[in-house]
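Listed here are the chains, written in short residue letters.
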Amino acid sequence: MFARDLIQQMQRWRDNPHRKPLVLRGARQVGKTTLVREFGKEFDSFISLNLEKDDAGIFRRFSNVNDVWQYLCLKHHIVQDKRRSVLLFIDEIQEEPKAVAMLRYFYEELPWVYVIAAGSRLHSLMKQHVSFPVGRVEYLTLRPCSFVEFVNAKEGARWADMLRDVSVPEFMHEEMISLFNKYALVGGMPEAVSTYLEHQDVERLAPIYSSLLKGYNEDAEKFAGNTEQVKILRHILGTAWLSAAETITFSGFGNSSYTSTQVHDGMDLLERAYLLSLDYPITSTSAPALPATRRAPKLIMVDSGLTNFLAGIQLEYLRHKELLDTWRGKAAEQIVAQELRTVLDRHYRERQYFWIRDKKGATAEVDFVWQEGTDIIPIEVKAGTNSHLRSLHVFVNQSDRPVVAVRVWSGPLSVQDAQTPAPEKKPFRLVNLPFYYAGQLDKVIAKYGR
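Residues numbered from 1 in each chain as written. Predicted model: local features only at pLDDT ≥ 70, side-chain atom pairs only at ≥ 80, totals over all residues. Heavy atoms only, no water.

A. The arrangement of the packing of aromatic side chains in detail. The final tally for this structure, using the stated rule, is 13 aromatic pairs. Between the aromatic rings of phenylalanine 43 and tyrosine 114, the centroid separation amounts to 5.0 Å while the plane-to-plane angle is 70 degrees, which identifies the pairing as edge-to-face. Separated by 71 residues along the polypeptide, phenylalanine 43 in the loop between helix H2 (32-40) and strand E2 (45-50) and tyrosine 114 in strand E4 (residues 114-118) bring together distant segments of the chain. Tyrosine 114 sits in the buried class, given a relative accessible area of 15%. In textbook terms, an aromatic cluster arises when at least three aromatic residues are bridged by ring pairs, as seen for Phe147, Phe150, Phe180, Tyr183 and Phe435. In this arrangement the basic side chain of arginine 19 is found over the ring face of tyrosine 114, its NZ or CZ atom lying 3.7 Å from the centre. Sitting above the plane of the tryptophan 112 ring, lysine 82 keeps its charged end 4.2 Å from the centroid. (Phe/Tyr/Trp six-rings, centres within 6.5 Å; stacked < 30°, edge-to-face > 60°. Helix = DSSP H or I, 4+ residues; strand = E, 2+ residues; numbered from the N terminus. Buried < 20%, exposed > 50% of the residue type's maximum accessible area, 1.4 Å probe, protein only. Lys NZ or Arg CZ within 6 Å of the ring centre and 35° of its normal.)

B. The side chain of lysine 32, seen in detail. Structurally, lysine 32 is set in helix H2. Notably, lysine 32 is buried but unbridged: the nearest opposite-charge side chain belongs to glutamate 92, and the N-O separation is 6.9 Å. For lysine 32, the side chain forms a polar contact with the main-chain oxygen of glycine 26, separated by 3.2 Å. Among all residues touching lysine 32, those that are not within four sequence positions of it are Leu24, Arg25, Gly26, Ala27, Gly119, Ser120 and Leu142. (Lys, Arg positive; Asp, Glu negative; His and termini not counted. Salt bridge = Lys/Arg side-chain N within 4 Å of Asp/Glu carboxyl O. Polar contact = N/O pair within 3.5 Å; in protein donor to acceptor, adjacent residues only side chain to side chain. Contact = heavy atoms within 4.5 Å.)

C. Spotlight on the side chain of asparagine 50. You can see asparagine 50 is positioned in strand E2. Of note is the side chain of asparagine 50, whose polar atom sits 2.9 Å from the backbone nitrogen of glutamate 52. When sequence neighbours within four positions are dropped, the list of residues in contact with asparagine 50 reads Asp55, Ala56, Asp91 and Glu92.

D. Main features of unusual backbone geometry. Across the junction of alanine 287 and proline 288, the peptide omega takes the value 0 degrees, indicating a cis bond. With respect to the secondary-structure elements, proline 288 resides in the loop between strand E8 (281-282) and strand E9 (298-301). In this model, alanine 422 is joined to proline 423 through a cis peptide bond whose omega is 10 degrees. The topology assignment puts proline 423 in the loop between strand E14 (414-419) and strand E15 (427-434). The backbone of alanine 245 sits at a positive phi, close to 65 degrees, despite the residue not being glycine. Note on placement: alanine 245 falls in the loop between helix H11 (227-239) and strand E6 (246-247). Although it is not a glycine, tyrosine 348 sits at a positive phi angle of roughly 55 degrees. On the secondary structure map, tyrosine 348 appears in the loop between helix H15 (330-346) and strand E10 (353-356).

E. Representation of the sheet that holds strand E1 (residues 22-25) within the structure. Reading across from one edge, E2-E3-E4-E1-E5 is the order of the 5 strands in this open sheet, with parallel pairing throughout. Either end of the sheet is taken by a strand with one partner, and the two such strands are E2 and strand E5 (138-141). Geometrically, the sheet is characterised by an average inter-axis angle of 20 degrees between neighbouring strands, direction not taken into account. The pairing of E1 with E5 spans 4 bridges and is parallel. (Pairing = 2+ DSSP bridges. Axes fitted to C-alpha atoms, helices over the stretch in contact; angles between N-to-C directions.)

F. Structural view of the sheet that holds E8. In space, the 7 strands of this open sheet follow the order E8-E10-E11-E12-E13-E15-E14, with mixed pairing throughout. Of all strands in the sheet, those bounded by a partner on one side alone are E8 and E14. With 6 bridges joining them, strand E13 (residues 404-409) and E15 adopt parallel strand pairing. Its bridge partner being in E15, valine 406 is matched across the sheet by valine 431.

Worth remembering: the numbers are spatial, not functional.
Below you can see the structure in the form of structure tokens.
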């Protein structure tokens, strides 16, 4: 087990006197159970239930939350004392709807008990028409390991702190870029990361990726509404990785005969399972960032390592020094999107967007945007010089406010006063952001974007 940053947010949840039961969300095998077990060491007592096993019967046997709690205390030899902290972990909670319903009563009747619920298929509750008690629980999401977590596990806390503090020395730039390329290749699934760090051998990861993908395919049967939807989900899981970081259309996706509605509904299920996300464009250059949901979304997959494995591009990573040369640059966009998701989570934001020009016959697209207060910050994943940022220049020219823009690249961190090409020659500030700082975007903007 290596350190996960989310545990800090879990500690803040623990220390909040008005906390509610915590629902921990995330894709299968991102380390939810391991993280909670590690967190459980910080309590006087830790009770772990797995509702895929015999523990589900506890919630069927008792209808009163106090009876459940007394039974658990007796079974686990815990003396009921409000001065002693007890963490109750209910894993695979989706297997017993009565346990989901009972979370509200833990909040109302046993507020001194710390309760965390998790599950690999929480989205399957939709099929049973069961939802978590509104206003009686709170949520956190665990993603695949971030680059900071990867560096912390490989090189230690001092290296990780250089990233968090945006203080990587210039003489460390090439080494940090090299580390980022390794991370982009391996991805962030904890088992893959642990195995790679132990053996430094990418070939050892193939069975791990294969097992994860097999598990995702098996899950399709468990939360699909019917046999036809199982086929659709498996088709998406078999083809979507090849469209990572691309703008997609639903109709006939992956050279199939499935309708737009069938594919959209299937992707919606997989998005709820945190296996992919559909990121919609915005068309405005000013806040608020409102998605144009009638436009084609960009498809982002859960993990770059799995994406690379399915696309068969590991050798490309090893041949190319420059991440942007790999897989037509889509590999770079996928891993940047993955890193930006951790920034969104820090700010409790759910959705990631990109920008398109809202003008027929005049295409322009900026890879990502970030809303900072009343400003929309365009983000391009590019190599080369300022003159190649055509879509970003279009954004700047359309904006009626001063623009701070970001270029994510393999070069060092720098800030320059730039301008769009003639005839507009509109000034803007350009932050050149090394790939390894993508997960620290908010901190870089706060430090250099004003």
